[in-house]
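So the chains spell out like this:
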Amino acid sequence: MSETIKTDALIVGAGPVGLFAVFELGLLDIKAHLVDILDKVGGQCGELYPEKPIYDIPAAPYITGQGLTDALMEQIKPFHPTFHLGEMVTSVEKIGEPLFRLTTDGGKIFETKVIVIAAGGGSFQPKRPPIQGIEPYEGKSVFYSVRQMEAFRGKRLLIVGGGDSALDWTLNLQPLAKRLTLIHRRDEFRAAPDSVNKMRVLVSGGGMELSIGQVTRLEGEGGQLTAAHVKDNAGATTRIECDTMLPFFGLTMKLGPVANWGLDLQSELVPVDTEKFETSVPGIFAVGDINTYPGKLKLILSGFHEVALMSQRAHRYVYPDKRLVFQYTTSSTSLQKKLGVA
Ligand SMILES: Cc1cc2nc3c(=O)[nH]c(=O)nc-3n(C[C@H](O)[C@H](O)[C@H](O)COP(=O)(O)OP(=O)(O)OC[C@H]3O[C@@H](n4cnc5c(N)ncnc54)[C@H](O)[C@@H]3O)c2cc1C
């Protein structure tokens, strides 16, 4: 077991909301360590859609998932957060008022005054399509996320699914692919109507194919796909030659160890109040996709708002004797000094 790491705040999850929590806590002189299961920061933005544009980040009309992650990393630089990547926080124990001890599956032990759970959907895993023998192709020619669009340039692509991810990636990858076929079990889609319309325009213009049916069998060797068999609703099978298949059957959000930390839970989410985003345990906060409250929207901008309010309350635990004065970054020299700009 390693030496105990002492900190003001331990942030569980280095997704966009966990990253911005570093900033808001930092402005209030609260030092943070972050732990994330993934080997890189950015959460869903970095893992699931790094190259996809996000259009609803305030004052950033267009920014990719990776771009947002990079910008957040730049913004939090002045606060020198410490990252512990590739580790999962497994247990939380209350040892003071408030003081907590956390351990990771990598054997690290933390002692912290406040815990900020920014664990998103927990450990998210893509749902595997019900195709026998798919395993050897996974990670070689069958992928559940798109890390680099360029990797698919010139390929014969099969995209499987009818939700937003399937349709978004169809539209984004169609210009790069040599040939793209979207396969869905019925001719109705759950995705945004605008994306469905755009896809249909591409199909009618010959830019891609739409196949209604289910993938029943894969052909290939050594993990390299060469064709897929698609059975339509009348029972007829078509063989489609391809190099790569991208199934988008949704994600299983597994709450994971958070479920055992003694917090009240509601449908795998952590209920919080909307004044300070604190859980049922004083000193433990939950922000971003992991929390729930009336009217909650799982949007990045909601998480950003939540961490600002959370930090105000966290200050009381970290500095019980200090009065907190509200200040603007534009006019406060003290805040500007912390940011290294004054
Ligand atoms: C395809 C797609 C498109 C989207 N588009 C938009 C959009 O346009 N606009 C928008 O606002 N939102 C969008 N979203 C939603 C947005 O990505 C989420 O709201 C956002 O990522 C939530 O941020 P978060 O930091 O709360 O959680 P996450 O991004 O999920 O990050 C949580 C992190 O916590 C880690 N973690 C979990 N449990 C533990 C543990 N026990 N120990 C250590 N680490 C742990 C995970 O590994 C993960 O990295 C989109 C989502 C998807 C999937």
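To be clear, the structure that these remarks concern was listed above.
Predicted, not measured: the structure shown is a model, and the values here were computed from it. (Residues numbered from 1 in each chain as written. Predicted model: local features only at pLDDT ≥ 70, side-chain atom pairs only at ≥ 80, totals over all residues. Heavy atoms only, no water.)

What follows covers the layout of surface pockets. Estimates place the volume of the second largest pocket at around 470 Å³. Forming the boundary of the second largest pocket are 20 residues, of which Leu-27, Leu-28, Gln-312, Gln-327 and Leu-335 lie nearest the centre. Within the residue set of the lining of the second largest pocket, elements represented by two or more residues are helix H1 (16–27), helix H6 (300–318) and helix H7 (333–338). Considering every element that reaches the lining of the second largest pocket, the biggest residue donor is H6, with five residues. Residue composition of the lining of the second largest pocket, grouped by class: 10 nonpolar, five polar and five charged. (1 Å grid on protein atoms, 1.4 Å probe; cavity = no way out; pocket = protein on both sides within 12 Å on 5 of 7 lines; lining within 4 Å. Points joined across faces, edges and corners; volume = space filled by probe spheres on them. Helix = DSSP H or I, 4+ residues; strand = E, 2+ residues; numbered from the N terminus. Nonpolar A, V, L, I, M, F, W, Y, C, P; charged D, E, K, R; others polar.)

Another point: the packing of aromatic side chains. According to the stated counting rule, one finds eight aromatic pairs in the structure shown. The interplanar angle of 45° and the centroid separation of 4.8 Å between the aromatic rings of Phe-20 and Phe-304 together place this pair among those described as tilted. Of this pair, Phe-20 sits in helix H1 while Phe-304 sits in helix H6, and the two are 284 residues apart along the sequence. On the accessibility criterion, Phe-304 (15% relative accessible area) is buried. With a centroid separation of 5.3 Å and an interplanar angle of 75°, the aromatic rings of Phe-326 and Tyr-328 are classed as edge-to-face. The exposure class assigned to Phe-326 is exposed, which follows from its relative accessible area of 60%. Looking at Tyr-328, the relative accessible area reads 55%, which means it is exposed. An aromatic cluster is defined as three or more aromatic residues linked by ring pairs; in this entry it consists of Phe-20, Phe-23, Phe-79 and Phe-304. Taking the ring centre of Tyr-319 as reference, the NZ or CZ of Lys-322 above it sits at 4.2 Å. (Phe/Tyr/Trp six-rings, centres within 6.5 Å; stacked < 30°, edge-to-face > 60°. Buried < 20%, exposed > 50% of the residue type's maximum accessible area, 1.4 Å probe, protein only. Lys NZ or Arg CZ within 6 Å of the ring centre and 35° of its normal.)

The subject of this paragraph is the site of the ligand. With respect to spatial proximity, 31 residues lie near the ligand, and among them Asp-36, Gln-44, Tyr-49, Asp-289 and Ile-300 are the closest. Val-17 places a polar main-chain atom, nitrogen or oxygen, 3.1 Å from an oxygen atom of the ligand. The contact in question runs from an oxygen atom of the ligand to an N or O atom on the side chain of Tyr-49, over 2.5 Å. Summarising the interface, the protein chains cover 89% of the accessible area of the ligand, which totals 1,000 Å² for the free molecule. The set of elements that each furnish at least two residues to the shell around the ligand consists of H1, strand S2 (32–36) and helix H2 (43–47). Across the shell around the ligand, the residue classes break down as 17 nonpolar, nine polar and five charged. (Near = heavy atom within 4 Å. Polar contact = N/O pair within 3.5 Å; in protein donor to acceptor, adjacent residues only side chain to side chain. Areas by Shrake-Rupley, 256 points an atom, 1.4 Å probe, with all protein chains shown as cover.)

In this structure, the amide linkage connecting Glu-97 to the following residue, Pro-98, adopts the cis form with an omega of -15°. Even without being glycine, His-80 reaches a positive phi, approximately 45°. Mapping His-80 onto the fold places it in the loop between helix H3 (65–76) and strand S5 (82–85). Of note in the backbone geometry, Ser-267 takes a positive phi value of approximately 45° without being a glycine. Assessed through its relative accessible area of 68%, Ser-267 is described here as exposed.

Looking now at the sheet that holds strand S15 (residues 237–241). Across a sheet, strands are paired by hydrogen bonds formed along the backbone, either parallel or antiparallel in direction. The three strands are arranged S13-S14-S15 in an open sheet whose pairing can be described as antiparallel. Two strands lie at the open edges of the sheet, namely strand S13 (214–221) and S15, each paired on one side alone. The average angle at which neighbouring strand axes cross in this sheet is 25°, direction not considered. Taken together, the five bridges between strand S14 (residues 224–231) and S15 define a ladder with antiparallel strand orientation. Across the sheet, the residue bridging to Ala-227 is Glu-241, located in S15. (Pairing = 2+ DSSP bridges. Axes fitted to C-alpha atoms, helices over the stretch in contact; angles between N-to-C directions.)

All right, on to the side chain of Arg-313 then. Structurally, the position occupied by Arg-313 is in helix H6. With no salt bridge to any partner, buried Arg-313 finds its closest opposite charge in Glu-275, at an N-O distance of 4.0 Å. Residue contacts for Arg-313: discarding those within four places in its chain leaves Glu-275, Lys-276, Glu-278 and Phe-285. (Lys, Arg positive; Asp, Glu negative; His and termini not counted. Salt bridge = Lys/Arg side-chain N within 4 Å of Asp/Glu carboxyl O. Contact = heavy atoms within 4.5 Å.)

This part takes up the packing of helix H4 (residues 164–173) against helix H5 (residues 193–204). Packing of H4 against H5 leaves a shortest axis separation of 10 Å and a crossing angle of 45°. Compared by their axis directions, H4 and H5 come out oblique. Seen from above, H4 lies across H5 with left-handed handedness. Note on element contacts: H5 touches H4 through Ser-195, Val-196, Lys-198, Met-199 and Leu-202, opposite Leu-167, Asp-168, Thr-170 and Leu-171. (Parallel < 35°, antiparallel > 145°, perpendicular 65-115°, else oblique. Left-handed = near helix turned anticlockwise from the far one by under 90°.)

Time to look at the pattern of salt bridges. Here the structure, examined in full by the defined rule, presents 23 salt bridges. Its salt-bridge partner being Glu-241, residue Arg-156 comes within 3.4 Å of it at the nearest N-O pair. Pair noted here: Arg-156 is in strand S10 (residues 156–160) and Glu-241 is in strand S15, with a separation of 85 residues, a long-range link. The exposure class assigned to Arg-156 is partly exposed, which follows from its relative accessible area of 22%. The exposure class assigned to Glu-241 is partly exposed, which follows from its relative accessible area of 40%.

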